[in-house]
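Structural description and commentary
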Amino acid sequence: MVLPLSNLTRQGVALAAESSKVDPESPAAKVLEYVHESPNPLRRCADCQLFKGSRTAKWGRCALLAGKLVNARGWCHSWSG
Ligand code: SF4
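Residue positions are given per chain, counting from 1 as you read along its sequence in written order. In keeping with the model being predicted, local features are shown solely for residues with a pLDDT of at least 70 and side-chain atom pairs are shown and tallied solely at 80 or more, while totals for entire chains, interfaces and linings include all residues.

1. Brief notes about the nonpolar core
Our working definition: By definition, a nonpolar core groups buried Ala, Val, Leu, Ile, Met, Phe, Trp, Tyr and Cys residues that are joined through C-beta atoms within 7 Å. Burial in this document is a count-based property: other C-beta atoms within 10 Å of a residue's C-beta are tallied, and the residue is buried at 20 or more, exposed at 12 or fewer, or partly exposed in between, with C-beta positions derived from the backbone. Runs of H or I in DSSP of at least four residues are treated as helices and runs of E of at least two as strands, each being numbered from the N terminus. C-beta atoms are first placed from the backbone for all residues, and any pair lying within 7 Å is then listed as a contact.
Membership of the largest hydrophobic core comes to 15 residues, with the highest contact counts inside it found for Val-22, Ala-29, Tyr-34, Cys-45, Cys-62, Leu-65 and Val-70. Secondary structure elements with two or more residues in this core: α2 (27–32), β2 (59–62) and β3 (69–71). Setting aside chain neighbours within four positions, we find Leu-65 in contact with Val-22, Ala-28, Ala-29 and Val-70.

2. Side note on the site of the ligand
This is how the line gets drawn: Only the C-beta atom matters for this test: placed from the backbone, it must lie within 6 Å of a molecule or strand for the residue to be near it. Throughout this entry, Asp, Glu, Lys and Arg are counted as charged residues, while Ala, Val, Leu, Ile, Met, Phe, Trp, Tyr, Cys and Pro are counted as nonpolar. The remaining residues, Gly among them, count as polar.
By nearness alone, 15 residues border the ligand, and Cys-45, Cys-48, Cys-62, Cys-76 and Trp-79 come closest of all. Classifying every residue of the shell around the ligand gives 13 nonpolar, 2 polar and no charged.

3. Here we look at unusual backbone geometry
A positive phi angle, close to 60 degrees, is found at Glu-33, a residue other than glycine. One can find Glu-33 in the loop between α2 and β1 (51–52). Glu-33 sits in the exposed class, given 11 other C-beta atoms within 10 Å.

4. Side note on the pairing of β2
Condition: Between any two strands, pairing holds if DSSP finds at least two bridges.
Relative to β2, β1 is paired through 2 bridges, and the arrangement is antiparallel. Within the sheet, the bridge partner assigned to Lys-52 lies in β2 and is Arg-61. The hairpin formed by β1 and β2 contains 6 residues between the paired strands, and Gly-53 there has a positive phi angle of roughly 155 degrees. Sheet analysis places β2 next to β3, joined by 3 bridges and oriented antiparallel. Note that in β3 the partner of Trp-59 across the bridge is Asn-71. Connecting β2 to the next strand, β3, in antiparallel fashion are 6 residues, including Gly-67 with a positive phi near 85 degrees.

What follows is the structure, encoded as structure tokens:
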């Protein structure tokens, strides 16, 4: 079976994006007590001053978790409003 190159590229991009999402079980995330779903809808990563990205995006960067994507609906104890 031969897949079109465009399919392989899309899969590669999807896998790369998936692997760059922060793992809440990783040591860095555990130190921050990061979770993908904030327990408080008024304190989410998208509303945090350390969040880098569009407020309407599902994922963005965080200054404390360099190289990884945090969920816009996530939270950690270093949340800064
Ligand atoms: S500091 Fe915490 S709450 Fe703020 S963007 Fe980073 S992970 Fe989210």
